[in-house]
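Residue-level structure breakdown
Okay, here's what each chain looks like letter by letter:
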Amino acid sequence: MDRVYNFAAGPAVLPLEVLLRAQRDFPAYRSAGMSVLEMSHRSKAFEEIIAEAEKLFRELLGVPDDYHVLFVHGGATMQFSMVPMNLMRRSRKADYVVTGHFAAKATEEARKFGTVAVVASSRDRNFSYVPALSPSTFTPDADYVHITSNNTIYGTRFTAFPETGDVPLAADMSSNILSEPLDVSRFGLIYAGAQKNIGPSGLCVVVLRKDLAGFAPAETPVMLDYRTYADNASLYNTPATFSIYVAKLVFEWLKEKGGVAAIEKVNREKAAILYDCIDGSSLFRGAADREFRSLMNVTFVLPNEELTAEFLSGASAAGLVNLKGHRAVGGVRASIYNAMPVKGVVALADFMRRFEAAHGKR
Ligand SMILES: *Cc1c(COP(=O)(O)O)cnc(C)c1O
């Protein structure tokens, strides 16, 4: 089996153990005698799968009992609509912090539903940092404040979450959920598209404080109302059954690895290997301010396009693939989610050093 090291931003690498487990059970899941793909979402076997997925997710992240955990369709982007549709419940005002591409998209979508204030942004320096936020930054009667905890394209992260008082904090955690411990009780809502740290694309995990469910206006389409998912244990219609099954396998894998605190240590180690390499280099330059560097998406640039192209093709030939940076930043982006083995990161750092030795001094 020839597997490359896949540094894609998403859909992204999955643990090999998970793929092999899914392969083993693919034609016949346990005693069910059929594939999970063929199974009714109302079957006992699938009900166990979704219940176990929720239980493991709650355990891994320490989700308190007064929060729903929902398995929702439509990826993270559908949440850009669902969040305002459901949480704009009094003043219909919301505050958005624009720290990147997805944060900007979420903001534009929310404008369709109410009064949106961009209370802080890092657009002035191409989203290379996360702006400082103090309680006075926020609109006192806003229905919620929205942030993006990790900026997948730019490689920055919130190192501390803002104090928003009684205003619920909503966070898009698509690209760093389950990568480090989290105090869920600080949030009104958390959502994460699955294809970075959870499993297959199309699925989104939503964590919603229970008192915030049920405010969507009566004309809200049924599939866009959190209450539909909350009242039906995410089984109102046929959910993304196979994606939820793979997510369950990923959660089991993460638990076997020691859980979120243990994986955070590994994530810090992996990120340090690459950032040390960048900081010790005269060829590579980090794209994000040091203080806000992401543990999941490491972005850096080379002096010109020719060297960048040569770097990417050389890396690819060495089995290190999908390293091309997003066009908004250029250069290189190494996405090193939970499932990226330390070995893959070491191989990339070795390749970077060899590349610099060959091209550095010109
Ligand atoms: C990938 C990503 C999205 C978009 O996810 P989809 O599932 O494609 O809708 C949104 N926000 C962040 C932070 C992301 O990394």
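Here is a short report on the structure shown in this document.

Parameters at a glance
- Residues numbered from 1 in each chain as written.
- Predicted model: local features only at pLDDT ≥ 70, side-chain atom pairs only at ≥ 80, totals over all residues.
- Heavy atoms only, no water.
- Axes fitted to C-alpha atoms, helices over the stretch in contact; angles between N-to-C directions.
- Helix = DSSP H or I, 4+ residues; strand = E, 2+ residues; numbered from the N terminus.
- Parallel < 35°, antiparallel > 145°, perpendicular 65-115°, else oblique.
- Contact = heavy atoms within 4.5 Å.
- Nonpolar A, V, L, I, M, F, W, Y, C, P; charged D, E, K, R; others polar.
- Buried < 20%, exposed > 50% of the residue type's maximum accessible area, 1.4 Å probe, protein only.
- Pairing = 2+ DSSP bridges.
- Core = buried A, V, L, I, M, F, W, Y, C linked by side-chain atoms within 4.5 Å.
- Phe/Tyr/Trp six-rings, centres within 6.5 Å; stacked < 30°, edge-to-face > 60°.
- Lys NZ or Arg CZ within 6 Å of the ring centre and 35° of its normal.

Our focus in this paragraph is the packing of helix α7 (residues 260–279) against helix α9 (residues 342–359). Here α7 crosses α9 at 5°, and the two axes come no closer than 10 Å. Between α7 and α9, the angle falls in the class roughly parallel. Between α7 and α9, the residues in contact are Val266, Glu269, Lys270, Ile273, Leu274, Cys277 and Ile278 and Val342, Val345, Val346, Leu348, Ala349, Met352 and Arg353, respectively. Each residue belonging to the contact of α7 with α9 can be placed in one class, and the counts come to 11 nonpolar, no polar and three charged.

To continue, consider unusual backbone geometry. Note the cis peptide between Gly10 and Pro11, where omega equals -10°. Relative to the elements of secondary structure, Pro11 occurs in the loop between β1 (5–6) and α1 (16–24). Its identity as a non-glycine residue notwithstanding, Leu178 has a phi of 65°, on the positive side. Looking at the secondary structure, you find Leu178 in the loop between β8 (169–172) and β9 (189–193). The class for Leu178 is buried, based on a relative accessible area of 1%.

Among the secondary structure elements, Thr156 is positioned in strand β7 (residues 156–157). Look past the residues within four positions of Thr156 in its chain and what remains in contact with it is Thr99, Phe127, Ser128, Tyr129, Val130, Ser149, Asn150, Asn151, Ala288, Phe292 and Ser294.

Among the structural elements, Ala328 can be located in the loop between β13 (320–321) and β14 (332–335). Ignoring sequence-local partners within four residues, the contact set of Ala328 consists of Asn126, Ile153 and Tyr154.

Whenever strands of a sheet pair, they do so through backbone hydrogen bonds, lying parallel or antiparallel. The seven strands are arranged β2-β10-β9-β8-β5-β3-β4 in an open sheet whose pairing can be described as mixed. Since the sheet does not close on itself, it has two edges, and those belong to β2 (67–72) and β4 (115–121), each with one partner. Looking at each pair of strands side by side, their axes are set apart by 15° on average, direction ignored. Here strand β3 (residues 93–98) pairs with strand β5 (residues 144–148) via three bridges, running parallel. Along β5, the bridge assignment pairs Tyr96 with His146.

Judged by nonpolar contacts, the single largest core of 56 residues is most densely connected at Phe57, Ile177, Leu178, Ile198 and Phe251. The residues contacting Phe251, other than those within four sequence positions of it, are Ala53, Leu56, Phe57, Leu60, Leu178 and Ile198. Ala12, Ala271, Val298 and Leu323 belong to the second-largest nonpolar core, a separate cluster that totals 34 residues.

What you see with β8 is no split at all: Leu169 and Ala171 on one side and Ala170 and Asp172 on the other are buried throughout. Pairing geometry for β5 and β8, over four bridges, is parallel. Each bridged residue has a counterpart across the sheet, and for Thr148 the counterpart in β8 is Asp172. Looking at chain direction, β8 and β9 are connected through three bridges and run parallel. Opposite Ala170, over in β9, you have Leu189 as the bridge partner.

Scanning the entire structure with this criterion turns up 15 aromatic pairs. Between Phe284 and Phe311, the aromatic rings sit 5.6 Å apart at their centres with planes inclined by 70°, giving edge-to-face as the arrangement. Here Phe311 lies in helix α8 (residues 305–317) and Phe284 lies in the loop between α7 and β11 (285–286), a separation of 27 residues in the sequence. The residues Phe284 and Phe311 share a single accessibility class, namely buried. Each member of the aromatic cluster is reached from another via a ring pair, and the members are Phe284, Phe300, Phe311, Phe351 and Phe355. The ring of Phe215 carries Arg89 above its face, with NZ or CZ at 5.8 Å from the centroid.

Here the focus is the sheet that holds strand β12 (residues 297–301). The sheet built from three strands is open, its strands ordered β11-β12-β14 with antiparallel pairing. Because the sheet does not close on itself, it has two edges, and the strands there are β11 and β14. In terms of strand pairing, β12 meets β14 through four bridges, oriented antiparallel. Within β14, the position partnered with Phe300 by the bridge is Val332. With respect to the sheet, α7 is in contact with β11, β12 and β14, its orientation differing from that of β12 by roughly 15°.

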